[in-house]
Amino acid sequence: MAASESSSRPRPALEAAGVRPSKSRGQNFLTSAAVAERIVAAAELEASDDVIEIGPGLGILTERIAARPHRQLTLIELDARLASRLRDKFAGDGSVRVINADFLEADAAEIFATPMTKVIGNLPFNVAAAILRRLSETSNRISRMVLMFQREVAARIRARAGDDQYSALSVYTAMYWEIDLHFVVAAGSFHPRPKVNAEVLRFRPRRAESKLFAADEEQAVLSVVRASFSAPRKTIRNSLAHGLALDAEKIASALGAAGIKPDARAETLGVGDFVRLARALGSELRSRFLIQGA
């Protein structure tokens, strides 16, 4: 491939591929080799690892992943022209496979082959939170993730109770992951340049010993989290009444059993609070068919 079409010189490479960056797809191509090196290094790849890269684009991360120890590298690329370019680029490397698909619709069984999977990606800004939610559904098959988000989304993901950015996304993330590293990537490191900076987060899954709830409690906890944040800035009592349509007396009783003040706000509660509340509301949730399979 000509030097003028390299992954760190995106304009000629995109022109050669016949691709124009799409705002609707959240396409912002990383151009900084130093940032790419730092992202891939954070994954701490080993020879036994299966690696998934989401949205490889022109391959600036892929090149560095492929050069490190790994067992298999799977690239999930939505754009058919970029997927074709990647197949050509890595045609001689039997450890690399390219899947032309939307990650949100791809077959998880096909992608996640082993429980040693590591996930790396410069995620499309417009669907990054949705991708994180889908990854959380398969957290038991992932050993580590290093992902890039729009900075304001990253701030919500890693926020803790009481922070201004704390939201349902913060709680949902903390249910499945521990974040042990984050760093900012300047907007000038992308083509086209976005209006905001990005941020890289490293995730480790909560294993059995650090799980905050049992598998059969998951749907109850998710229902309570969604309901608790359904009416922003309202008290937890009113948010639950709005989100679950339960009798006020039953909500008050469950809050008391969970040790939560009825005038508290969802933004001040930690994951453990939502787990206790879900347990206290368990019979009510099952009776109203809010828990799948109940």
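Before reading further, recall that the structure is shown in the block above.
Conventions we followed
Residues numbered from 1 in each chain as written. Predicted model: local features only at pLDDT ≥ 70, side-chain atom pairs only at ≥ 80, totals over all residues. Heavy atoms only, no water. Axes fitted to C-alpha atoms, helices over the stretch in contact; angles between N-to-C directions. Helix = DSSP H or I, 4+ residues; strand = E, 2+ residues; numbered from the N terminus. Parallel < 35°, antiparallel > 145°, perpendicular 65-115°, else oblique. Left-handed = near helix turned anticlockwise from the far one by under 90°. Contact = heavy atoms within 4.5 Å. Nonpolar A, V, L, I, M, F, W, Y, C, P; charged D, E, K, R; others polar. Phe/Tyr/Trp six-rings, centres within 6.5 Å; stacked < 30°, edge-to-face > 60°. Buried < 20%, exposed > 50% of the residue type's maximum accessible area, 1.4 Å probe, protein only. Lys NZ or Arg CZ within 6 Å of the ring centre and 35° of its normal.

*Asks:* Would you mind showing me how to read the packing of helix α9 (residues 218-228) against helix α12 (residues 271-280) here?
*Replies:* Helix-helix packing: each pair is described by the crossing angle between the helix axes and the interaxial distance. Packing of α9 against α12 brings their axes to within 9 Å, and their N-to-C directions diverge by 110°. Relative to α12, α9 is oriented roughly perpendicular. Every pair of crossing elements has a handedness; the one defined by α9 and α12 is right-handed. Residues Ala220, Val221, Val224, Val225 and Ser228 of α9 touch α12, and the partners they reach there are Phe274, Val275, Leu277 and Ala278. When grouped by side-chain class, the residues that make up the contact of α9 with α12 number eight nonpolar, one polar and no charged.

*Asks:* Got a minute to help me understand the packing of aromatic side chains in this structure?
*Replies:* Given two aromatic rings, one states the distance between the centres and the angle between the planes to describe the pair. In total, this model carries seven aromatic pairs according to the counting rule given. Geometrically, the ring pair formed by Trp177 and Phe203 is edge-to-face, given 6.0 Å between the ring centres and 75° between the ring planes. Linking Trp177 in strand β7 (residues 177-185) with Phe203 in strand β9 (residues 198-205), this pair joins segments that are 26 residues apart in sequence. Note on Trp177: relative accessible area 2%, which makes it buried. Considering the side-chain rings of Phe229 and Phe274, the 5.9 Å spacing of their centres and the 35° angle between planes classify their relative orientation as tilted. Pair noted here: Phe229 is in the loop between α9 and α10 (236-244) and Phe274 is in helix α12, with a separation of 45 residues, a long-range link. In terms of burial, Phe229 and Phe274 fall into one category: buried. Each member of the aromatic cluster is reached from another via a ring pair, and the members are Phe149, Trp177 and Phe203. If you follow Arg38 out to its NZ or CZ, it ends over the ring of Phe183, 3.8 Å from the centre.

*Asks:* Is there a simple way to explain the packing of helix α7 (residues 151-158) against helix α8 (residues 168-176) in this structure?
*Replies:* Where α7 contacts α8, the two axes come as close as 6 Å, and the packing angle between them is 60°. It follows from the interaxial angle that α7 and α8 lie oblique. Residues Val153, Arg156 and Ile157 of α7 pack against Leu169, Ser170 and Thr173 of α8. In terms of residue class, the contact of α7 with α8 is made up of three nonpolar, two polar and one charged.

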